[in-house]
Amino acid sequence: MLKTDFHFLNGGKFISRGTGRHITRTIDTMELIYVIGGTLDMFEEDQEFHLKSGDFLYLYPGREHGGLTPYPANLSFFWGHFTGKIEVLKRFPQTGHIIHPGRMGDYLSMLLTEQALDRDPVSCNLLLALLMNETRRTGEDNSVINKSLANAALRIMKLRFAEHLSTALIAKELNCNADYLGRVFHQQFHCTLTDSLNRIRLTHAASLLASGYSSIKEVAYNSGFSDLAYFRKRFLQEFSMRPSEYRQQRLAAHINTQ
């Protein structure tokens, strides 16, 4: 029989109704909490944890823990109780952010399905081990991973700027949390995803205007702007002149008067 360091007992998915808070208690089992959406404020003894979407937390047996604030309406999280050796659990970071939330979600879904249908202890323990392994991955070189993620987002924007893109859509395509993607992108490029996307679109719009496009509206839509007024405002901010003035200036520069 396959053996693992920890033995899964039970688990579930909590979805908040916007009332109540996590009870204060002391239990004799270990617990893994993984926030799927929203925020969760917890304490364990004298430590406070403010968890956001994609964050995890291990709670130790024999230590009092509970909620610091009422559950917000948008909160959802996985909880799972398990047993094992404390010295082994202490090799894991107690809290952190999951690098691959899509993978974490797949394992959670499989574990809860296994618990509901077959309750095979070997399968449950192996799935728990996979979940816990994802929490260990936060010890990897995050700078390399974050740089790769930010560059991937930039490539998507450069290739598909004319489409209806948003931070949420890009994050979904890259299988990561939108807030996390926004943070690592800003760390890498010192601007927001939205600002970067707008600059790419405006640069393309400027090239269209310089080539003689007659319709400002057409230029805006072909560059990914669905709101003409917003396009005019951003163009003025970026180039210190209106689109029509920019086009007139660029075209005049190419007129041969000799």
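Up top is the structure.
About the thresholds
Along every chain, residues carry numbers that run from 1 in the direction the sequence is written. Whole-chain, interface and lining totals are the exception, using all residues; otherwise, since this is a predicted model, local features are given only for residues with pLDDT of at least 70 and side-chain atom pairs are given and counted only at 80 or more. In computing side-chain properties, one takes all heavy atoms of the structure into account and sets aside hydrogens as well as water. Secondary structure is summarised from DSSP: a helix means a run of H or I of at least four residues, a strand means a run of E of at least two, and numbering begins at the N terminus for each. Only C-alpha atoms enter the radius of gyration; for comparison, a globular chain is expected to reach 2.2 Å times N to the power 0.38, where N is the number of residues. Accessible area is worked out with a 1.4 Å probe on protein chains only. A residue is then buried under 20% of its type maximum, exposed over 50%, and partly exposed in between. The rule for a salt bridge is simple: a side-chain nitrogen of Lys or Arg has to be within 4 Å of a carboxyl oxygen of Asp or Glu. Angular values range over 0 to 180 degrees, each being the angle between N-to-C directions of two axes fitted as lines to C-alpha atoms, with helices fitted over their stretch in contact. Roughly parallel means an angle under 35 degrees; roughly antiparallel means over 145; roughly perpendicular covers 65 to 115; every other angle is labelled oblique. Helix crossings fall into two classes, left-handed where the near helix is turned counterclockwise from the far one by less than a right angle and right-handed where it is turned clockwise. For this analysis, residues touch if any pair of their heavy atoms sits within 4.5 Å. Polarity classes work like this: nonpolar for Ala, Val, Leu, Ile, Met, Phe, Trp, Tyr, Cys and Pro, charged for Asp, Glu, Lys and Arg, and polar for all others, with Gly in that last group. Here a strand pair is declared whenever DSSP counts at least two bridges between the two strands. The span one expects for a helix is its residue count, reduced by one, times 1.5 Å. What qualifies as a polar contact is a pair of N or O atoms within 3.5 Å, subject to a donor-acceptor requirement within protein and to the restriction that residues adjacent in sequence count only when both atoms come from side chains.

Enquirer: I'd love a proper account of the overall build of the protein chain, names of residues and values included.
Expert: A count of helical and extended segments in the protein chain gives ten helices and eight strands. The globule rule puts the C-alpha radius of gyration for 258 residues at 18 Å, and the 25 Å found for the protein chain is more than 25% above it. Expressed as lengths along the three principal axes of its C-alpha atoms, the size of the protein chain is roughly 90 × 40 × 35 Å. Counting the 258 residues in the protein chain, one finds 42% classified as buried.

Enquirer: Now, about the pattern of salt bridges: what can you tell me, with residues and values included?
Expert: Two side chains carrying opposite charge are able to pair once their charged atoms lie near each other. What the rule picks out here adds up to seven salt bridges. Of the charged contacts in the structure, one is a salt bridge between Arg160 and Glu163, with a shortest N-O distance of 3.0 Å. Judged by its relative accessible area of 24%, Arg160 falls in the partly exposed class. According to the relative accessible area criterion, Glu163 is partly exposed, its value standing at 38%. Among the salt bridges present, the one from Arg242 reaches Glu245, with a minimum N-O distance of 2.9 Å. Arg242 sits in the partly exposed class, given a relative accessible area of 47%. A relative accessible area of 32% places Glu245 in the partly exposed class.

Enquirer: Just give me the short version of the packing of helix H2 (residues 101–116) against helix H3 (residues 121–136), but keep the residues and values in it.
Expert: For the pair H2 and H3, interaxial distance at closest approach is 9 Å and the crossing angle is 160 degrees. Our classification of the angle between H2 and H3 gives roughly antiparallel. For the crossing formed where H2 meets H3, the hand is left-handed. Residues Arg103, Met104, Tyr107, Leu108, Met110, Leu111, Glu114 and Gln115 of H2 lie in contact with H3, whose contacting residues are Ser123, Cys124, Leu127, Leu130, Leu131, Glu134 and Thr135. Of the residues contributing to the contact of H2 with H3, the split by class is nine nonpolar, three polar and three charged.

Enquirer: Explain the sheet that holds strand S3 (residues 39–44) residue by residue, including any values.
Expert: Taken together, the three strands give an open sheet; going across it, the order is S4-S3-S6, and neighbouring strands pair in antiparallel fashion. This sheet does not close on itself; its edge strands, each paired only once, are strand S4 (47–52) and strand S6 (65–67). Each strand of the sheet is rotated relative to its neighbour by a mean of 25 degrees, with strand direction disregarded. Here S3 runs beside S6; their pairing, made up of three bridges, is antiparallel. Counterpart to Glu44 in the pairing with S6 is His65.

Enquirer: Requested: an account of H3, with residues and values cited.
Expert: Between its terminal C-alpha atoms H3 stretches 22 Å, which fits the 22 Å expected from 16 residues at 1.5 Å a residue. Turning to H3, its buried residues are Cys124, Asn125, Leu127, Leu128, Leu131, Met132, Glu134 and Thr135. Looking at the packing, one finds that the buried side of H3 touches strand S1 (6–15), strand S2 (30–37), strand S5 (55–59), strand S7 (76–84), helix H1 (86–89) and H2.

Enquirer: Tell me about the pairing of S4, residues and numbers included.
Expert: In this structure, S3 lies alongside S4, joined through six bridges in antiparallel fashion. Within S4, the residue paired with Met42 across the bridge is Phe49. In this antiparallel pair of consecutive strands, S3 and S4, the connection spans two residues, and Glu45 shows a positive phi of 55 degrees.

Enquirer: For the side chain of Thr135, give the residues involved together with the corresponding values.
Expert: Take Thr135: it is sitting in helix H3. A polar atom in the side chain of Thr135 sits 2.8 Å from the side chain of Tyr58. With residues up to four places along the chain from it excluded, the contact list for Thr135 reads Leu32, Phe56, Tyr58, Phe92, Pro93, Ile98 and Met104.

Enquirer: How would you summarise the side chain of Ser196 if you had to cite specific residues and measurements?
Expert: Among the secondary structure elements, Ser196 is positioned in helix H7 (residues 193–210). For Ser196, the contacting residues outside a window of four places in its chain are Leu154, Met157, Phe185 and Cys191.

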